[in-house]
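Okay, here's what each chain looks like letter by letter:
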Amino acid sequence: MTYRSIIDYKKTLTKEEIRKIVEENNIEFIKLEFCDINGIMKNLSVPSEQLESVMNNEIMLDGSSIKGFRSIETSDMYFYPDLKTFAIIPWRSDDDAKVARFICDIHNADGTPFEGCPRCNLKKMIARAEKLGYTMNVGPEAEFFIFKKDENGNATTETFDKAGYYSAAPVDKGENLRRIMVKTLKEMGFEVEASHHEVACGQHEIDFKYSDALTTADNIMTFKYAITAIAEQNGAVASFMPKPVFGINGSGMHCNISLFKDGKNLFYDPDKTYQLSKEALYSIGGLLKHVKSFTAITNPLINSYKRLVPGYEAPVYLAWSLANRSALIRVPAKRGNATRIELRSPDPSCNPYLALAVILGAILDGVENKIEPPLQVEENIYQMTKKERKRAKIDSLPSSLDEALSLLDDDEIIKNAVGEHIYNEFTSTKEKEVETFKTYVTPLEIEMYLNMQ
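Since the structure is predicted, the reported quantities are computational estimates derived from the model, not experimental observations.

**Q** Got a minute to help me understand the overall build of the protein chain in this structure?
**A** From N to C terminus, the protein chain includes 13 helices and 18 strands. In terms of C-alpha radius of gyration, the protein chain reaches 22 Å, essentially the compact-globule figure of 22 Å for 453 residues. Within the protein chain, the proportion of its 453 residues that are buried is 55%. Sequence separation of at least 24 residues holds for 70% of the intrachain contacts in the protein chain that already meet a minimum separation of 6. Carbon and sulfur atoms provide 50% of the accessible area of the protein chain, an area that totals close to 21,100 Å².

Take a look at the structure:
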């Protein structure tokens, strides 16, 4: 029996259906998962006997213990599980005792959504879009590395293989591990579209079907959790760090984005140039206007900016194109309901709820205020000189987290997309991170400078 045969992931289960699944399938524990401001999954595990309390929103959380949530004076908070996210966790389950999970919103003691809950914040932005009649769909392409462990079981940066783009076994030694990962994701209801080896040694990608913004953000969190757990069970380490190895490509999380209204893709217009609607062009305009400001959210680590440098196929130049992968935004060839724009700058270390909230905020600004994008760029921007880029008015993404935070501070549209509480807590954490790295002496500095005369 597969877990997919136990749960129909295409429908929202009722409380009664969930009770029946728990009782009939030896589910012993229920994990209540939620996301902190930094995009780290947290959880509370309760025995299945507490299922009624879980589904009635009666399980409490000490918010003062979670970075960026509440002070100790106002720390009582509650888990509000989303019944649509009920799933059995394959790698934690066996025939005798299974573990299931809900993804939860965090609410205040009075029952209102907590303004510091990233998932609640994304739902707020989605509600704003829905008032205008829009639904944003997103298909992510999250890359990751698989590394070996040393003799003590600690993570190394020695890659699991020496293969390259689209390599096959036996050169791609990660192929069997990817197969287990894909099988696990399918058991949890994912519709996996493809998996393959990426450009760098040890780098991989598994693509799953697009969905609405909230479901996609939930799926990204589950995806990262599952990938790292399966690697660990198989004696390896999976990392979503943007640039873990010097001299080779880093890992991105390209986001394929479309707006729908009344079941139709708003980006497609067969009568327009490139068959792109005015809403598609305005969305590109909004993204290009705000991308420098929201880069602190979509690329939140010091390490993120070691990926966003020229020379490693990283999308650092603010331009758009129909096919040119040197541009920050490209429009894949498919049209009709598959029409979409691909934002190539985000990386998988981001908090997906915050990242999709700011992307949606930028797109809504573009559509509402009819922000026209520049002309598309057909030339290979990577091969253009600095003077040529300046002449073409092609700007660049911020080159450091410090610069990105400064640009974020000047953009009210993006700040409003995450809300005051999250903005203050996020920037406070990141500013401390910047200061720590400014004073830290790296091994490379010792190697280069210690013996200087």
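**Q** Just to check I follow, could you spell out a nonpolar patch on the surface for this structure?
**A** Together, Leu444, Met448, Tyr449 and Met452 make up a nonpolar patch on the protein surface, roughly 460 Å² of accessible area in all. Along the chain, Leu444 falls in helix 13 (residues 443–449). Residue Leu444 is classed as exposed on the basis of its relative accessible area of 51%.

**Q** Sorry if this is basic, but what is going on with unusual backbone geometry here?
**A** For Asn26, which is not glycine, the phi dihedral falls at a positive 55°. A relative accessible area of 42% means that Asn26 is categorised as partly exposed. Residue Lys370 is not a glycine yet carries a positive backbone phi of 50°. Along the chain, Lys370 turns up in the loop between helix 9 (352–368) and helix 10 (386–391).

**Q** Would you mind showing me how to read the sheet that holds strand 3 (residues 60–62) here?
**A** Across a sheet, strands are paired by hydrogen bonds formed along the backbone, either parallel or antiparallel in direction. Spatially, 2-1-5-4-3 is the arrangement adopted by the five strands of the open sheet, whose pairing is mixed. Edge positions in the open sheet fall to strand 2 (41–47) and strand 3, since each of these has one partner strand only. Taken over all neighbouring pairs, the strand axes of this sheet differ in orientation by 40° on average, direction set aside. In this structure, strand 1 (residues 27–35) lies alongside strand 5 (residues 98–108), joined through six bridges in parallel fashion. Bridge assignment links Glu33 to a residue of strand 5, and that residue is Ile103. Relative to strand 4 (residues 76–88), helix 2 (residues 15–24) is tilted by about 75°, and along the sheet it contacts strand 1, strand 4 and strand 5. Lying on the sheet, helix 4 (residues 118–131) is in contact with strand 1, strand 4 and strand 5; it crosses strand 5 at an angle near 65°.

**Q** Could you clarify how one ought to interpret the environment of Ala168 in this entry?
**A** Relative to the elements of secondary structure, Ala168 occurs in the loop between strand 7 (155–159) and helix 5 (175–187). Linking Ala168 and Leu322, residues 154 residues apart in sequence, is a C-alpha distance of 30 Å.

**Q** How should I be thinking about the packing of aromatic side chains in this particular structure?
**A** When we look at a pair of aromatic rings, we describe it by the centre distance and by the angle of the planes. Counted under the stated rule, the structure contains 12 aromatic pairs. For the ring pair Tyr317 and Tyr382, a centre distance of 6.5 Å and an interplane angle of 55° mean the geometry is tilted. Highlighted residues: Tyr317 in strand 14 (residues 317–318) and Tyr382 in the loop between helix 9 and helix 10, separated in sequence by 65 residues. Using a relative accessible area of 4% as the deciding quantity, one classes Tyr317 as buried. Every member of this aromatic cluster is reached through a ring pair, and the members are Phe144, Phe190, Phe208, Phe223 and Phe240. Lys224 extends its terminal NZ or CZ atom over the ring of Phe240, reaching a point 5.9 Å from the ring centre.

**Q** Is there a simple way to think about the pairing of strand 6 (residues 135–149) in this case?
**A** In terms of residue burial, strand 6 counts as a mostly covered element, since 12 of its 15 residues are buried. Pairing analysis gives eight bridges linking strand 6 to strand 12 (residues 253–261), with the strands arranged antiparallel. Note on strand 12: the bridge partner recorded for Gly139 is Asn256. Two elements, strand 6 and strand 9 (residues 203–208), share three bridges in a ladder whose sense is antiparallel.

**Q** Explain the pairing of strand 11 (residues 236–239) to me, please; I cannot follow it from the model alone.
**A** Looking down a regular strand, the side chains alternate between one sheet face and the other. With burial as the criterion, each face of strand 11 is covered, one bearing Ala236 and Ala238 and the other bearing Val237 and Ser239. Summarising the sheet, strand 6 and strand 11 pair through four bridges and their orientation is antiparallel. Following the sheet pairing, Phe147 is matched in strand 11 by Val237.

**Q** Any chance you could explain the pattern of salt bridges here in plain terms?
**A** Pairing between side chains of opposite charge can happen when their charged atoms approach one another. A complete count under the given rule lists 23 salt bridges for this structure. The salt bridge involving Arg330 is made with Glu342; its shortest N-O contact spans 2.5 Å. Here Arg330 is found in strand 16 (residues 329–330), whereas its partner Glu342 is found in strand 17 (residues 341–343), with 12 residues between them in sequence. For the pair Arg330 and Glu342, one class covers both residues: buried. One network of salt bridges, with partners in common, ties together Asp82, Lys84, Asp105, Arg119, Lys123 and Asp218.

Parameters and conventions
Residues numbered from 1 in each chain as written. Predicted model: local features only at pLDDT ≥ 70, side-chain atom pairs only at ≥ 80, totals over all residues. Heavy atoms only, no water. Helix = DSSP H or I, 4+ residues; strand = E, 2+ residues; numbered from the N terminus. Rg over C-alpha atoms; globule rule 2.2 N^0.38 Å. Buried < 20%, exposed > 50% of the residue type's maximum accessible area, 1.4 Å probe, protein only. Contact = heavy atoms within 4.5 Å. Areas by Shrake-Rupley, 256 points an atom, 1.4 Å probe, with all protein chains shown as cover. Patch = residues over 30% accessible without salt bridge, like charges linked within 9 Å, V, L, I, M, F, W, Y side chains within 5 Å. Salt bridge = Lys/Arg side-chain N within 4 Å of Asp/Glu carboxyl O. Pairing = 2+ DSSP bridges. Axes fitted to C-alpha atoms, helices over the stretch in contact; angles between N-to-C directions. Phe/Tyr/Trp six-rings, centres within 6.5 Å; stacked < 30°, edge-to-face > 60°. Lys NZ or Arg CZ within 6 Å of the ring centre and 35° of its normal.

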